[in-house]
Amino acid sequence: MTTKDSMDKVVSLCKRRGFVFQGSEIYGGLKGTWDLGPLGVALNNNIKREWWKMFVEDREDMYGLDAAILMNAKTWEASGHTGAGFCDPLVEDTETGERYRADHLLKDNGIEADGLTLEQIDSLIFDTGVKSPKGNPLSKARQFNMMFETRIGAVAGPEGLVYLRPETAQGIFVNFKNVVDSMAPKIPFGIAQIGKAFRNEIAPREFLFRVREFEQMEIEYFVKESEWKERFELLRQDLWKWFDHLGLNRANVQEYDVPANDLAHYSKRTIDFEYNFPGKGFDELAGFAYRTDHDLKSHMNASGQSMEYIEPDGARFIPHVLEPSFGVGRAFTAVLCEAYTEDEMGGEVRAFLKLPKHLAPYRVAVSPLLKNKPELVEKAREVFKLLKKEFGNVAWDDNGNIGKRYRRQDEIGTPACIVIDFETLGQEKPELGDTVTVRDRDTGEQTRVAIAELVNYLK
Ligand code: ATP
């Protein structure tokens, strides 16, 4: 039994158990920002580490990068982000001044609104009589640019204007030449980056799904134009492997092939990978686009620097680009929604996170049966140290009784709990000396395992 109708249970578990807190909560919060708690940062880091391992370390054709968040403002002119291309249509409640994303508002009223011009939005609102959620008339629609502006200190006036990057991708394009010159990669190759991005979303909503500050994991994969189709297919399979690795059921992931008339002008093909978020339905988890040579060409024209790749035989060309782009927060949310499970154990309903072992915040928890018996605590500390050396993310849990500890560890997705009892000390049945109880999160089954075998057993 899982929660299919809403994300509410996952959201409340996240708060209760230290995964995600509202940003700046003690001051009433700051909309569109969230803070990761002790367990959230662990899960988030695990997702990023596994992604980096799969897409960078385990491959020979990928290079890592970590570019600055603040970039020369000319970057965003060349990429088109300062223009209308990076705007969302905005309407205001004429009484309260509250702002809404016009296309989302229309959609919420059952009206299809993708790719409409401002005039089309205005006439749809007029014809259908759609009002603000507060029931008041709406203003005319206008374009709202989503980039956050800030100023650098050394220059007064407009020259100091810079932006918080709205995507990590441009940091990759502006370093294309640097990576080629320093690493001499053979085409096809990719440059991968994980980092923060900022978008001044008009209406942040749905937990981590649409926020103003988030993390992306992006790859720009450079190919010869003649090979784009075959490389697109190969990468597409790799993307599916990634979603499997996140533990997402394939029935909950689907591809949406963006129709030709909705494609960005430079893209010849884009697939959105969508996840079936509870209570929301299928929506974008990651994007995968063939962007032609648009980006490198734009930067070449704007900067005057060559973006050509030179083959060993001297042939020169501007590579074409395939871009898989993942949001970490959306992956985080999908992983939690997928993992959240309710079943019955010991006659009671139990909620637990069926997280894959490589993503769980704690790989294993160690407990002494009783925390006021020094000989149990001492032995348990020994086992704890042994496992900590091996796995790193091991929890020490001696709060409350064993039943409560199991419930807590189930709820945060710890795959196994280990209990040190009097039998471990060899006090009751000498043949069980130096063995511990290992309890499985998913089945609740308990197995007696020798301490010397523990690491192998858990692996
Ligand atoms: P959407 O249509 O949902 O606004 P997008 O198509 O603008 O998304 P991209 O520009 O393709 O998104 O960004 C790549 C990825 O970055 C998305 O697939 C998503 O996972 C993530 N992402 C984009 N905007 C946000 C946001 N405001 N909050 C959280 N994640 C985001």
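Residues numbered from 1 in each chain as written. Predicted model: local features only at pLDDT ≥ 70, side-chain atom pairs only at ≥ 80, totals over all residues. Heavy atoms only, no water.

Caption draft 1: Layout of a nonpolar patch on the surface. Residues Leu70, Ile152 and Val155 make up a contiguous nonpolar surface patch of about 220 Å² in total accessible area. Examined against the element boundaries, Val155 turns out to sit in the loop between strand S8 (148-151) and strand S9 (161-164). In this structure Val155 comes out as partly exposed when scored by relative accessible area, which is 33%. (Patch = residues over 30% accessible without salt bridge, like charges linked within 9 Å, V, L, I, M, F, W, Y side chains within 5 Å. Areas by Shrake-Rupley, 256 points an atom, 1.4 Å probe, with all protein chains shown as cover. Salt bridge = Lys/Arg side-chain N within 4 Å of Asp/Glu carboxyl O. Helix = DSSP H or I, 4+ residues; strand = E, 2+ residues; numbered from the N terminus. Buried < 20%, exposed > 50% of the residue type's maximum accessible area, 1.4 Å probe, protein only.)

Caption draft 2: Broad picture of the site of the ligand. Close to the ligand lie 15 residues, the nearest being Glu201, Arg210, Val211, Glu284 and Ser325. One nitrogen or oxygen atom from the side chain of Glu201 is found 2.8 Å from a nitrogen atom belonging to the ligand. Within the side chain of Gln216, one N or O atom sits 3.3 Å away from an oxygen atom of the ligand. With the chains in place, 80% of the 600 Å² that the ligand exposes on its own is no longer accessible. Mapped onto the shell around the ligand, the elements with two or more residues apiece are strand S11 (213-223), strand S14 (281-290) and strand S17 (320-327). (Near = heavy atom within 4 Å. Polar contact = N/O pair within 3.5 Å; in protein donor to acceptor, adjacent residues only side chain to side chain.)

Caption draft 3: Fine view of the UniProt feature "domain: Aminoacyl-transfer RNA synthetases class-II family profile" (unreviewed entry) in the chain. The feature "domain: Aminoacyl-transfer RNA synthetases class-II family profile" (unreviewed entry), as annotated in UniProt, sits at residues 8-368 in this numbering. In residues 8-368, helix accounts for 30% and strand for 30%; the two terminal C-alpha atoms are 34 Å from one another. (UniProt positions renumbered as here; feature names shortened; annotations may be inferred.)

Caption draft 4: Highlighting the pattern of salt bridges. Evaluation of the coordinates by the stated rule reveals 45 salt bridges. Its salt-bridge partner being Glu342, residue Lys9 comes within 2.8 Å of it at the nearest N-O pair. Within this pair, whereas Lys9 is found in helix H1 (residues 8-16), its partner Glu342 is found in strand S18 (residues 340-345), the two being separated by 333 residues in sequence. When the shortest N-O distance is used, the salt bridge between Glu233 and Arg236 registers 2.9 Å. Of this pair, Glu233 and Arg236 are both found in helix H8 (residues 228-245), 3 residues apart, which corresponds to roughly one turn of the helix.

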